[in-house]
Amino acid sequence: MRVLFYGTPAFALPTLRALLEQHTVLAVVTQPDRPAGRGQRLAAPPVKRQATEHGLPVLQPPRLREPGWAERLGAFRPDVAVVVAFGQILPKPILELPPLGSINVHASLLPRYRGAAPVAWAIIRGEPEAGITTFRMDEGMDTGPILLQRSVTIGPEETAGELAGRLAELGATVLLQTLDQLDRITPAPQDHTAATLAPRLRKEDGALDWTRPATELAARIRGVNPWPGAATAGPTGRLLIWRARARSGSGEPGVLTRAGDLLCIGTGAGLLEPTEVQPENRRAMAWAMFLNGARLGPGAVFGDHVPAR
């Protein structure tokens with residue numbers, strides 16, 4: 001098939017690679033270069049870099065709704081469009097350009113977790129499963145009829161970054177299966193009453209509230225890894241917690257508590273044992289190494305909590 005590919009981040013790369021091996025990719029549409037890093041220099045998105053390596057035409061519209069884009073994209077005469085984490089809503093004239101339609105590869109089991117951050121929110125909300133859905137796009141946000149779905153079990157300590165890596169590879173496989181079976185698949189309308197939303201993460205979504213249960217905090221820590229990271233105030237300044245486990249026991253929320261041989265932080269229900277942390281302006285390190293270096297012991301306070309007297 002002649003494919004017009006829309007995608008931006010690393011999550012889209014496995015699908016682009018798979019299409020290059022089995023189909024004809026006419027051009028790649030991706031987001032404009034953005035400032036990145038401490039120097040805020042313009043950086044090309046991962047999909048643009050890969051497309052350039054393969055000599056593909058690259059288009060970077062600031063807004064696809066601007067006049068002229070439907071005509072420019074239609075000139076490629078694609079059979080189908082494939083969209084993977086592109087980052088813009090495709091307007092109706094562009095959706096309808098390919099005769100076989102526009103197909104999205106989405107990292108959730110739709111209709112659950114529509115939106116920009118389905119992997120993160122599935123973990124934060126304690127889901128046992130995640131997955132890939134291919135669907136025929138309409139003008140709504142992830143609302144079109146479902147073509148194929150595949151589910152995976154979320155590992156008990158799997159982070160959003162790790163799960164996204166697995167789903168990216170699965171997405172490529174499911175997309176190829178979708179294209180191979182496109183003339184035999186009957187699209188299934190979504191049950192909109194069962195829909196949940198997965199909005200783009202904000203920095204505030206990484207803030208830890210020690211009055212919440214330890215299981216909930218551990219899930220949030222996994223869900224915001226790698227971005228924005230789970231953060232708390234500590235005796236030595238701001239602390240990022242990259243990995244942690246929920247433990248049984250009790251302790252005052254936000255207060256360092258001994259549990260056998262472990263030093264954990266009390267929560268609203270249970271204890272949280274950080275395993276990998278990153279102090280302000282330092283590299284990530286093991287929890288024990290941080291505690292030793294900071295000389296912290298039972299009674300040290302994390303967060304905005306003021307211990308009861």
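Residues numbered from 1 in each chain as written. Predicted model: local features only at pLDDT ≥ 70, side-chain atom pairs only at ≥ 80, totals over all residues. Heavy atoms only, no water.

1. Some points on the overall build of the protein chain
Secondary structure assignment for the protein chain yields eight helices and 15 strands. Dimensions of the protein chain along its principal axes, counting C-alpha atoms only, are 70 × 45 × 30 Å. With 309 residues in all, the protein chain has 48% of them scored as buried. Summarising the internal contacts of the protein chain: among those between residues at least 6 apart in sequence, 64% fall at separations of at least 24. A total accessible area of about 15100 Å² is found for the protein chain, and carbon and sulfur atoms account for 51% of it. Counting 34 positive and 29 negative side-chain charges, the protein chain places the centres of these two groups 5 Å from one another. (Helix = DSSP H or I, 4+ residues; strand = E, 2+ residues; numbered from the N terminus. Buried < 20%, exposed > 50% of the residue type's maximum accessible area, 1.4 Å probe, protein only. Contact = heavy atoms within 4.5 Å. Areas by Shrake-Rupley, 256 points an atom, 1.4 Å probe, with all protein chains shown as cover. Lys, Arg positive; Asp, Glu negative; His and termini not counted. Charge placed at Lys NZ, Arg CZ, Asp CG, Glu CD.)

2. Brief notes about the pattern of salt bridges
Taken as a whole and judged by the stated rule, the model has 13 salt bridges. We note a salt bridge from Arg112 to Glu127, for which the minimum N-O separation is 2.5 Å. Remark: Glu127 occurs in the loop between helix H5 (118–124) and strand S8 (129–136) and Arg112 occurs in the loop between strand S7 (102–106) and H5; sequence separation between them is 15 residues. In this structure, Arg212 engages Glu216 in a salt bridge whose closest nitrogen and oxygen atoms are separated by 2.8 Å. Exposure remark for Arg212: the relative accessible area of 38% places this residue in the partly exposed category. (Salt bridge = Lys/Arg side-chain N within 4 Å of Asp/Glu carboxyl O.)

3. Topic: unusual backbone geometry
Cis geometry marks the peptide bond from Leu110 to Pro111; its omega dihedral reads 15°. Positive phi values are uncommon outside glycine, yet Arg295 reaches one of about 55°. Position of Arg295 relative to the elements: it lies in the segment after helix H8 (287–294).

4. Describing the nonpolar core
Counting residues in hydrophobic clusters, the biggest one holds 68 residues, and the most contacted among them are Phe5, Leu19, Leu167, Leu256, Trp287, Phe290 and Phe302. For this core, the element with the most residues is helix H6 (residues 160–180), which contributes nine residues. Contact partners of Phe5, with chain neighbours within four places excluded, come to Ala12, Thr15, Leu16, Leu19, Val25, Ala27, Val28, Val29, Val47, Val82 and Val84. With 18 residues, the next largest nonpolar core counts Val29, Trp69, Ile94 and Met137 among its residues. (Core = buried A, V, L, I, M, F, W, Y, C linked by side-chain atoms within 4.5 Å.)

5. Side note on the packing of aromatic side chains
Tallying each qualifying case throughout the model produces three aromatic pairs. On the basis of an interplanar angle of 50° and a centroid distance of 6.1 Å, the ring pair of Trp287 and Phe302 is categorised as tilted. With a gap of 15 residues between them, Trp287 in helix H8 and Phe302 in the segment after H8 connect regions that are remote in the sequence. Each member of the pair Trp287 and Phe302 is classed as buried. (Phe/Tyr/Trp six-rings, centres within 6.5 Å; stacked < 30°, edge-to-face > 60°.)

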